Amino acid sequence: MVTQLQSPDKSNIIYPDDNGEPMSDNTEQFRLIVWIKENSELLFANDPNVFVAGDLLWYPVEGNNKLCQAPDVMVVFGRPKGYRGSYQQWNEDNIGPQVVFEIWSPGNRPAPMIQKFKFYERYGVEEYYLYDPQTLELTGWQRVEEELEAIEQIDGWISPRLGVRFGLSETGLEMFGPSGEPFVSFVELAQLRQQAEARAQEAEERATEAQTLLEQERSRSQALELRLREMGIDPNQL
């Protein structure tokens, strides 16, 4: 008698939302992850079908809860914004992230990073960017058919998917939106907003002052016209 082993019911498999690893090892890595994630989200704020996430577990294959990665930042075109405990690709029209970012930290080791590269290459990532804040080095790869090939000139490179331009300076990584606007931090964004509000308030005050002066001048003109008429002089004949 032959006994057939039943495959496990995929619907009963649990896909954890947490892999037990920290989002970042230090404040600089965390800052860069948030900086890239939030500016990327802001870039596509008006497009309901671009999903951006940071440190979210991505499961590419249904039935395998061991096969996963959590990119520091990932961008998915063609999927709606909204809450996810994890990114389960079979529930997302089988659309995987097209762009991923990783920030190198002192705790990273070559072997796991190579595994990440192979994972991203195998499961369809189109653009992969790896930045090391200690050495200020940015490395990028772009998909050519079935492989991720290194981008030879990354300084000044424009992402085909994001439309973002990358720059490297003495202070580190720089990123610019399609219109040339630089990626900024929350603090810088708040400062820019305050400055814009201050300029708007100043312009409104100047407009109010100009309107007040105009009304005062109109009142003086009307008073003079009335005085002339009382004296029997027609102002229109002057």
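Residues numbered from 1 in each chain as written. Predicted model: local features only at pLDDT ≥ 70, side-chain atom pairs only at ≥ 80, totals over all residues. Heavy atoms only, no water.

Looking only at helices and strands, the protein features 3 helices and 10 strands. When the elements of the protein are put in sequence order from the N terminus, they spell out α-β-β-β-β-β-α-β-β-β-β-β-α. Counting all 238 residues of the protein, 35% fall into the buried class. Look at the contacts in the protein between residues 6 or more apart in sequence, and 56% of them connect residues 24 or more apart. Summing over all exposed atoms, the protein offers an accessible surface of approximately 15200 Å²; the carbon and sulfur share of this is 50%. (Helix = DSSP H or I, 4+ residues; strand = E, 2+ residues; numbered from the N terminus. Buried < 20%, exposed > 50% of the residue type's maximum accessible area, 1.4 Å probe, protein only. Contact = heavy atoms within 4.5 Å. Areas by Shrake-Rupley, 256 points an atom, 1.4 Å probe, with all protein chains shown as cover.)

The final tally for this structure, using the stated rule, is 16 aromatic pairs. Arranged with centres 6.3 Å apart and planes meeting at 5°, the rings of Trp58 and Tyr120 form a pair that is stacked. Of this pair, Trp58 sits in strand E2 (residues 58-59) while Tyr120 sits in helix H2 (residues 110-122), and the two are 62 residues apart along the sequence. The pair Trp58 / Tyr120 is uniform in exposure class, with both members buried. A network of ring pairs unites the aromatic residues Trp58, Phe117, Phe119, Tyr120, Tyr123, Tyr128 and Trp141 as a single cluster. The lysine or arginine in question, Arg84, covers the ring of Phe51, its NZ or CZ lying 4.0 Å from the ring centre. (Phe/Tyr/Trp six-rings, centres within 6.5 Å; stacked < 30°, edge-to-face > 60°. Lys NZ or Arg CZ within 6 Å of the ring centre and 35° of its normal.)

Sheet analysis places strand E6 (residues 127-132) next to strand E7 (residues 137-144), joined by 6 bridges and oriented antiparallel. Within E7, the residue paired with Glu127 across the bridge is Gln142. Counted along the chain from E6 to the antiparallel partner E7, the turn is 4 residues long, and its residue Leu136 has a positive phi close to 60°. Counting the residues in the hairpin turn of E7 and strand E8 (residues 147-150) gives 2 residues, including Glu145, whose phi is positive at 60°. (Pairing = 2+ DSSP bridges.)

Residues Ile36, Phe101, Tyr129, Leu162, Phe166, Leu173 and Met175 are the most contacted members of the largest nonpolar core, which totals 25 residues. Of the residues forming this core, the biggest block, 4 residues, is contributed by helix H1 (residues 27-43). Of all hydrophobic cores here, the second largest spans 18 residues; its members include Phe51, Tyr87, Phe119 and Trp141. (Core = buried A, V, L, I, M, F, W, Y, C linked by side-chain atoms within 4.5 Å.)

Time to look at the confidence of the model for the protein. Detailed reading of the predicted coordinates is not advisable wherever pLDDT falls low. When pLDDT is averaged across the protein, the result is 88; 89% of the residues are at 70 or more. Note that residues 1-6 has pLDDT below 50 and, in this model, 0 contacts with residues that lie over four places away or in other chains. (pLDDT = per-residue confidence, 0-100.)

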